[in-house]
Amino acid sequence: MLDLDISISALPGVGPKIKEKLERVGLRQISDLLFYFPRKWEDYRNFTPIAWCRRDEEVTIKGIIIKVEKERTRLRNMMIVKARVQDETGEINAVWFNQGFMERMVRANQKVTLHGKVDFDWKNKERVLASPILVKEEKIVPVYSEGAGISSKIYEKIIKSALAVADNLEEWLPDEVKEEHDLINLAEAIKQIHHPSSFEALNAAKLRLAFDELFLIALSMAEARAELKKEKGLPVKIDEELLKKFTSKLPYILTDAQRKATWEIIKDVERGRPMNRLVEGDVGSGKTVVGTMAALAVINNGYQVAWMAPTEILARQHYKNVADMLNFFGIKIALVTGNLKEDYTDADMIIGTHALIQDNMVYKNLGLVIVDEQHRFGVAQRSKLRNKQHEDRMPHLLSMTATPIPRTLALALYGDLEISIINQMPEGRQKVKTQVVSPTDRQKAYDFIKAEILKGRQAFVICPLIESSNSKIPDGQIDLFEVERKSAVKEFEKLSKNVFPDLSIGLLHGRMKAKEKELIMNDFSKGKINILVATAVVEVGIDIPNATVMMIEGAERFGLAQLHQFRGRVGRGKSQAYCLLFSESWSDTTKLRLQALVESNDGFELAERDLQLRGPGELAGIRQSGLPDLKMASLTDTILIKKARVSAERLIARGLNRYPLLNKKLDEFEHSRHLE
Ligand code: ADP
Ligand code: MG
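Residues numbered from 1 in each chain as written. Chains lettered and ligands numbered in written order. Predicted model: local features only at pLDDT ≥ 70, side-chain atom pairs only at ≥ 80, totals over all residues. Heavy atoms only, no water.

Let's talk about the domain arrangement of the protein chain
Part 1: Its domain assignment divides the protein chain into domain 1 (1-41 + 152-167), domain 2 (45-138), domain 3 (240-422) and domain 4 (433-470 + 480-600).
Part 2: For domain 3 versus domain 4, the separation of C-alpha centres amounts to 30 Å.
Part 3: With 13 residues of domain 3 at the interface, the matching set in domain 4 holds 15 residues.
Part 4: Overall, the association of domain 3 and domain 4 removes approximately 1,100 Å² of surface from exposure, summing both partners, and the carbon and sulfur fraction of that is 62%.
Part 5: On the domain 3 side of the contact with domain 4, Val-283, Ile-313 and Gln-317 bury the most area, a combined 45% of that side's loss.
Part 6: Our count for the contact surface shared by domain 3 and domain 4 stands at 1 salt bridge.
Part 7: Residues Arg-316 and Glu-518 are paired through a salt bridge, measuring 3.4 Å at the closest nitrogen-oxygen approach.
Part 8: At the junction of domain 3 and domain 4, the tally comes to 2 residue pairs in polar contact (both at pLDDT 80 or more).
Part 9: Taken together, the residues that form the side of domain 3 that touches domain 4 break down as 5 nonpolar, 4 polar and 4 charged. (Domains from an automatic or database assignment. Contact = heavy atoms within 4.5 Å. Buried area = accessible area lost by both parts, 1.4 Å probe. Salt bridge = Lys/Arg side-chain N within 4 Å of Asp/Glu carboxyl O. Polar contact = N/O pair within 3.5 Å; in protein donor to acceptor, adjacent residues only side chain to side chain. Nonpolar A, V, L, I, M, F, W, Y, C, P; charged D, E, K, R; others polar.)

Okay, structure coming up:
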């Protein structure tokens, strides 16, 4: 008997070979197949008149075959079957290469429906339909991603037999929610998504499945929020005089945006409920000082503060900067990383890497945890912190990120957080001059870097790879599409041997040991290294005020937000800074993206453009945000996100125990997220 939780091997057509392949892409049981949605749908009922068939378009034509021919190409001795098809508007050849059997499938005077891509036959100077499919049923057909090297047709066939058990799918969405948003049943949606009876039905199916994805996210966020509200927090009394003294010792005046964010944090912690707040602010907008003030306020109440950085390098840098700022106040700070563990038992503040929330860390009275360069505390992190509670009270959480997320997305991503935005740069900050450099001007760029270094400045060279990918080209062949991918190791060698033999060049990448990295960073920050060749490891946070040039190789391989981050590494000092972009691709999207970077210095604006140009999946920060992969829903669908959110909040407020099936589904969803 087929059922949802039975192995796919029970399906006709799934032998051991196909089974193994499917399992490799995570399709194990029949229900997995039901949720393997088509990538797109083709309408075999919608015919393009032959006269309208344009090159590179995918079309379905319907006509009569007037002639069939078979020939061999002279050059590569390929067998070609050609069928001349005619409709009221014109004629076109359908051609099949090396598919001799097609000769038996088509004959003159046969009425056919064909689907394929329009190409151009340079020899006969006319359009052709290249290797089209002979359409047997005129309907809407699903097209599946050919994952695991299995063709769409095979997926279609297997899934069709899997659909026999679709009716066994549990309907977990409460009727009231379905009615409210006009959603169809789950089983019906699954059937229609694989075999739509009409586009209307297909759209209804897409809507239901998209809603499901967003609704589960919204539910788990609403739940997290409700749960945090239930926790007891630590009331923090604010000593305004102390904070005033702190700001008066700073060598600069806080921006209004910094003040506002600090104020929001202080109001939060004063209330005594556990805070869960995200500070979003562009690179260099001065988030560290905001975090430091929050820390000072909390420490002043006798609690400890843990400050987590994504890398050891950053942790050290914070250690130094924050210690400088807090020096006057007699605050004890300890550094704890994977490699080094200072005694922190009596420390007021412990700065470090993720080592800070490992099980072996014991805090006396943890009051505030700050995570830098991260969007949020993951559920797992939060539950680790729960074990470190002080007198059963949840510490306040503050995350800080320089990856701006457009407002439309923030709604979906951060439903469980309060958000503060620092949308203002400290005064007098110079704009980094940004330029896309054509490959022919490479030498000029090197000359420019040399000139800057002679002025006493330093430069970064960022490469997309650590080592060259050794994709081998067979002897005697030239692969036109093989472009040189810049690797840090190769560039380092080239720059130190050929281009700048008399300068000191350093290399930094993620595969180096922490100790080596630290040594290099130290040398760079002391000015012993003139040019640092690095991979994306320098992306977050490193502060070298003396660096004025950021040269980026293979810029098309990075997201806009990421490029903006790199650029933010320079221009932190008083001198004019420059960002030079090199690209290995000149596609329209690349041009648009790099141009956007040249034109704008505003991280939020760039994130918005990236969203338009590449879609949410590519947006830096989304992947690390802990969102599950969305198959049907779009993060740009603000309206549906809102609907899901409103319903989710209502149901959570009412209590999920009134909806046992939904509750179970949510548990499964959260469980699968933790495993990711
Ligand atoms: P980010 O937001 O990227 O973490 P940082 O906190 O590292 O930025 O701050 C970047 C630099 O700006 C630091 O050197 C810091 O001392 C300086 N800075 C912060 N706030 C101000 C301000 N209001 N005016 C001038 N400089 C500031
Ligand atoms: Mg920072």
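What follows continues from the structure just given.
Description of the packing of aromatic side chains
Part 1: With the rule as written, the count across this model stands at 13 aromatic pairs.
Part 2: The interplanar angle of 35 degrees and the centroid separation of 6.0 Å between the aromatic rings of Tyr-144 and Tyr-155 together place this pair among those described as tilted. Of this pair, Tyr-144 sits in the loop between β7 (140-143) and α4 (152-162) while Tyr-155 sits in helix α4, placing them 11 residues apart in sequence.
Part 3: Residue Tyr-155 is classed as buried on the basis of its relative accessible area, which comes to 1%.
Part 4: Consider the rings of Phe-328 and Phe-329, whose centres lie 5.2 Å apart with planes at 85 degrees: the pair is edge-to-face.
Part 5: With a relative accessible area of 48%, Phe-328 lands in the partly exposed category.
Part 6: Among the residues examined, Phe-329 registers a relative accessible area of 18% and is labelled buried.
Part 7: The rings of Tyr-36, Tyr-144 and Tyr-155 are connected pair by pair, giving a single aromatic cluster.
Part 8: Over the face of the ring belonging to Trp-172 we find Arg-208, whose NZ or CZ atom lies 5.7 Å from the ring centre.
Part 9: One Lys or Arg, Lys-249, reaches over the ring of Phe-328 and ends 4.0 Å from the middle of that ring. (Phe/Tyr/Trp six-rings, centres within 6.5 Å; stacked < 30°, edge-to-face > 60°. Helix = DSSP H or I, 4+ residues; strand = E, 2+ residues; numbered from the N terminus. Buried < 20%, exposed > 50% of the residue type's maximum accessible area, 1.4 Å probe, protein only. Lys NZ or Arg CZ within 6 Å of the ring centre and 35° of its normal.)

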